[in-house]
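# Topology and contacts: notes
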Amino acid sequence: MRVDVQSFGTVNRLAREGSEAATASLSQLTGIDAAVDVTRITLMNREDVGGELRGTEAVGVRFDLTGGLEGDAVLAFDADSAETIAGEMLPGETTQAMVQSGVEEIGNIMMSGFVDGWADYLETTIEHSPPEYVEREGPAVLPDPNGSVGERPQGATREQVFVFASEIEWVGESVNFYIYVLPEQGALTDLMADIGDGGSEAVPVDKLEVFNEMTRTGTATAADNVEMMTGIPTEAEVTGISFAPIEDVPRRIGSDTYVGTVVELSGTPSGYLLVLFDEESAVTVAEALMPTAPDGAGVTGEHKAAIEELGNVVTSGFVDGWANVLQTTIDHTPPELVHDMGQAIVDPLAAQVGRDREHAFVVDATMRTDDVEFASEIHALPDGRGLREALEALDPDRADQTEADAEGLF
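Report on the accompanying structure. (Residues numbered from 1 in each chain as written. Predicted model: local features only at pLDDT ≥ 70, side-chain atom pairs only at ≥ 80, totals over all residues. Heavy atoms only, no water.)

### Side note on the environment of Ala76
Note the cut-off: By the criteria applied, helices consist of DSSP H or I runs no shorter than four residues and strands consist of E runs no shorter than two, each listed in order from the N terminus. A 1.4 Å probe rolled over the protein chains alone gives each residue an accessible area, and that area as a share of the maximum for its type sets the label: buried under 20%, exposed over 50%, partly exposed in between. The contact criterion used throughout is that any non-hydrogen atoms of two residues lie within 4.5 Å.
Take Ala76: it is sitting in strand 4 (residues 71–78). Of the residues examined, Ala76 reaches a relative accessible area of 0% and is grouped as buried. The spatial distance from the C-alpha of Ala76 to the C-alpha of Asp347 is 29 Å, given a sequence separation of 271 residues. Sequence-distant contacts of Ala76, that is, excluding residues within four places in its chain, are made with Leu53, Val59, Gly60, Val141, Phe177, Tyr178 and Tyr180.

As structure tokens, then:
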């Protein structure tokens, strides 16, 4: 099955417009001034869905969607946000039962707003089940990977799924929540094939899945290289390929300050690759590379030099893994050290990738450890043509051959 960039853009727009309609319904019901921050379509492993909720006590309202859009939908809050928003509907002291009732009502109204726009565009009917209220640890508020909401039979699901995710923020308050839609894979790809024209920008969905798994393996190799250099046990956590409007790409990285490296890739694929550490993680991992204590507090020149060296090794291992599978050469520029807010780092790169297009694919991966304060993000921004060429060149039988020559990297 091949689907083109036009169809990705259309379903992304429908997901955003649906989320905006849902948010407008919330504002009308509660008076809350909320706005959709970021909407994206992501192909990822089912077990990674909802990673934004990790470490929280979460509240969810689940729905089963049938008709023109089939699958599962969840409106998810952290527990404190759910109580705050329910309190806006029910001023005064609220009981747990009142919170549950309020969240269910909010979810029901927002989901009706979400699907109406889809139904109008598709000129069909989309129905959703009654709301199912759940309280779980983080991502567990989402449907079980081996089953779905409602009465549909239990059964195995695909290991990788497309997810529509919208982050909604309460303007002026530290309250964020999410709308997740996990459409049935076959129904979604059929829908995108109908929307698009299958032209020159079409990409093979099955190879997109293989590329995503290849990236997951490459991230694991990069994590092994970090552990070899620093002695810090490091694991690859989340990978995914997202499709989003160019203007949303910097917002997805956020406003936190990072230290890291940026390189420009040339070959198949071409584009940019970023290896970013939050400041605390940068200090931790850099000092693991230093033979002596740094001369000064905070992120010093010594820290930056160590991060530059580490970024180069991570980049080489990651890119070499892609090149091994694609049987091609991917060159990259010397790493450029960056130390700034995430949005400020990514904005000029997204502008370059988006010179002749409105949307972009973004490859995301995360490395972290539970032993010390350390986390790192890897973001690749391939240009559209380069990614299509990489997918055409991809032999699925070579997808596990990502191992780089670690000894040659050190």
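Picking up after the structure, the text goes on.
### Some thoughts on the nonpolar core
Heads up, the condition is: For our purposes a nonpolar core is just a set of buried Ala, Val, Leu, Ile, Met, Phe, Trp, Tyr and Cys residues, chained together by side-chain atoms within 4.5 Å.
Grouped together as the largest cluster of nonpolar side chains are 94 residues, with contacts concentrated most on Phe8, Trp118 and Phe211. Looking at which element gives the most residues to this core, the answer is helix 8 (residues 301–326), with 11 residues. Excluding anything up to four places from it in sequence, Trp118 contacts Val11, Leu14, Ala15, Leu69, Ile126, Phe164 and Leu191. Ranked by size, the runner-up nonpolar core spans 17 residues in total, among them Val249, Tyr272, Ile345 and Val362.

### Let's talk about the packing of helix 1 (residues 5–30) against helix 3 (residues 96–122)
Note the threshold: The convention used is that axes are lines fitted to C-alpha atoms, helices contributing only their stretch in contact, and that angles between N-to-C directions extend from 0 to 180 degrees. A clockwise turn of the near helix away from the far one marks a right-handed crossing, whereas an anticlockwise turn of less than a right angle marks a left-handed crossing.
It is at 8 Å that the axes of helix 1 and helix 3 come closest, and there the two elements cross at 140°. Like other packed secondary-structure pairs, helix 1 and helix 3 cross with a definite hand, here right-handed.

### Overview of the environment of Leu69
Mapped onto the elements, Leu69 comes out in the loop between strand 3 (57–67) and strand 4. The exposure class of Leu69 is buried, given its relative accessible area of 3%. Between the C-alpha atom of Leu69 and that of Leu122, which follows or precedes it by 53 residues, the distance is 9.1 Å. Those residues within four positions of Leu69 in sequence are excluded, and the remaining contacts are Phe114, Trp118, Ile126, Val181 and Pro183.

### Some points on the packing of aromatic side chains
The criterion, for reference: Pairing of aromatic side chains requires ring centres within 6.5 Å, counting the rings of Phe and Tyr and the six-membered ring of Trp. Pairs whose planes differ by under 30 degrees are stacked, by over 60 edge-to-face, and all others tilted.
By the definition in use, this model includes 10 aromatic pairs. For the ring pair Trp118 and Phe164, a centre distance of 5.6 Å and an interplane angle of 20° mean the geometry is stacked. Of this pair, Trp118 sits in helix 3 while Phe164 sits in strand 7 (residues 160–170), and the two are 46 residues apart along the sequence. Judged by its relative accessible area of 0%, Trp118 is buried. The class of Phe164 is buried, set by a relative accessible area of 2%. With a centroid separation of 5.8 Å and 20° between ring planes, the pair formed by Tyr178 and Tyr180 is classed as stacked. We note that Tyr178, like Tyr180, is buried. Grouped by ring-pair contacts, the aromatic residues Phe8, Phe162, Phe243 and Phe361 constitute a single cluster.

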